[in-house]
Structure formats: structure tokens, C-alpha cells
Amino acid sequence: MIKAVIFDMDGTILDTESIFVPAWQEAAHMCGVKDFKEEHALMLRSLARPFAKKQMEEIFGEDFPLDEIRATRKKLMDAYIKKHGILAKPGVEETIVDLKNKGYKIGIATAGSFERSKSYLTTAGIWDCFDENMIICATELAHGKPYPDVYLYACEKLGEKPENCIAVEDAPNGILAAYRAGTKVIMIPDMTQPDEELAKLLYKKLDCLADLMNILE
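As the structure is a prediction and not an experimental result, all values here were calculated from the model.

It is worth spelling out the side chain of H40 at this point. Considering the arrangement of structural elements, one finds H40 in helix α2 (residues 38–43). Among the polar contacts made by the side chain of H40, one reaches the main-chain amide nitrogen of K37 at a distance of 2.9 Å. Here H40 is in contact with D35, M56, I59 and F60, once residues within four sequence places are set aside.

Under the definition given, this model contains seven aromatic pairs. Pairing F60 with F64 gives two aromatic rings, centres 5.2 Å apart and planes at 20 degrees, and the pair type is stacked. Classification of F64 as buried rests on a relative accessible area of 5%. Taking 6.0 Å as the distance between ring centres and 75 degrees as the angle between the ring planes, the aromatic pair formed by F114 and W127 counts as edge-to-face.

Another aspect to go through is the sheet that holds strand β1 (residues 4–7). One open sheet holds the six strands; their spatial order is β3-β2-β1-β4-β5-β6, and the pairing between them is parallel. This sheet does not close on itself; its edge strands, each paired only once, are β3 (135–137) and β6 (204–205). Across the face of the sheet, helix α6 (residues 114–123) comes into contact with β2 (105–110) and β3 while running at roughly 135 degrees to β3.

Next up on the list: α6. Along α6, the residues that are buried comprise F114, S117, Y120 and L121. Seen along its axis, α6 keeps its buried residues to an arc of 135 degrees; they face one direction. Summarising the contacts, the buried residues of α6 are in contact with α4 (66–84), β2 and β3. Directly after α6, the chain includes G125, whose backbone phi takes a positive value near 80 degrees.

A few words now on the packing of helix α3 (residues 49–60) against α4. At a minimum axis separation of 11 Å, α3 and α4 run at an interaxial angle of 120 degrees. Classified by the interaxial angle, the pair formed by α3 and α4 is oblique. Crossing of α3 against α4: the hand is right-handed. Here R49, A52 and K53 of α3 lie close against α4, whose contacting residues are L66, D67 and R70. For the contact of α3 with α4, the per-class residue count stands at two nonpolar, no polar and four charged.

Cut-off values and rules
- Residues numbered from 1 in each chain as written.
- Predicted model: local features only at pLDDT ≥ 70, side-chain atom pairs only at ≥ 80, totals over all residues.
- Heavy atoms only, no water.
- Helix = DSSP H or I, 4+ residues; strand = E, 2+ residues; numbered from the N terminus.
- Polar contact = N/O pair within 3.5 Å; in protein donor to acceptor, adjacent residues only side chain to side chain.
- Contact = heavy atoms within 4.5 Å.
- Phe/Tyr/Trp six-rings, centres within 6.5 Å; stacked < 30°, edge-to-face > 60°.
- Buried < 20%, exposed > 50% of the residue type's maximum accessible area, 1.4 Å probe, protein only.
- Pairing = 2+ DSSP bridges.
- Axes fitted to C-alpha atoms, helices over the stretch in contact; angles between N-to-C directions.
- Arc of directions from axis to C-beta.
- Parallel < 35°, antiparallel > 145°, perpendicular 65-115°, else oblique.
- Left-handed = near helix turned anticlockwise from the far one by under 90°.
- Nonpolar A, V, L, I, M, F, W, Y, C, P; charged D, E, K, R; others polar.

Nothing here speaks to function; it is all geometry.
Spelled out as C-alpha cells, the structure:
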């Protein structure tokens, strides 16, 4: 029986990946990596720094300036968000209210820091939808996504076994983390669709958050 729903943040409940991906590209180009393309930025979604470093060095060589690019990307994103804000995904607030009314526990499992999560959720106007203690950040744990740590800890904090939790994700690294933790994984694609191998890990693939209640009822 499903008792809890754990949401990824970026690309799942917040429309931030559309900012994140071009910011990575622009930052890489500014730092001299002219061959860095959208496909490379997409690989970095929810990916913990050690894995990002290894993956990018395999593609671009050991002198890939990940930290410099990452710092530049953060500045670009901060400037964009300050000017344009952040949008919540359609139906987030209504879905959370509906889930809570039906007795489901709610958590967030994000690759970002707590400070960033609070800032983004507040900017998007949905901070009050969530219990602060149930926002689990991979930056506080030994291993980030695609390791299962953030989802295992989220299940522990919620007081539920992984098999009684659904994880809602949009991107491969998060899906791997949730699957490895033993949760049922629902994908709501944002910037990419699942390939054949990723699709095998999914409990369901949905078109939007509003469809989530149909799965649970």
C-alpha cells in the first residue's frame, strides 16, 4: 500500500531545468569548453559532483574545469532567477493539497542544498506546501544521486518502508536513485523521454502531475 509520495524538485515540481541546461552550456562556453552541448548539460541533471566530474572528464579530458563552470553556471542562474523568477509546474499546489487531504505523507528528495531549495520553492510560491523537515537534500548525505541515499533517508524521515513510497522524478539520475532505494518510481518527463532501459525501471510514466491522483486512487 502506498503511504507516502516523495517528489524530486528540479524539473518535477519546479520548472528549473529549462534554466539549468542553457546555463550549463553558456557557462561552459564562457570557461573555454566550446564543444559543450545541450546533451552534456542534460547528463548533469541531479548528478552528484563526483559523478559529474568523472563523466565530463571521460568526454572532455582530465582538464575539464568543472568547478569553474559550475560556479559560473550558478551565477548565471541566480541572475536569471532574480530577473525572471521561477515557475512551479502546473498543478503542484492542487496535487499536494489533494494528497495531504487523502492522508498521504509528502517529502522532497533533491540534489540541491536546503538553502537553494527553500529559496527556489519560496520564489515559486509553494514553500508553504511542504513540511521543512521533510525536504531531504543530497548535499547533506555521503552520496548524492544516482546513489539511493537521499531516497532511503527520505523514507526513514517519513517513517515508511521504500516499497510503500512512490518517488516522482523527471530525469535519469533521480530515477536510478529512487529505483535503487526500492521505491516505486513514477516519471513525469520534463526535457527528455525515458530510453528503453530507463523505462524498465518505471512503475508508471505520466504526462503531468495532475495525473498522479489517478494512479493512487
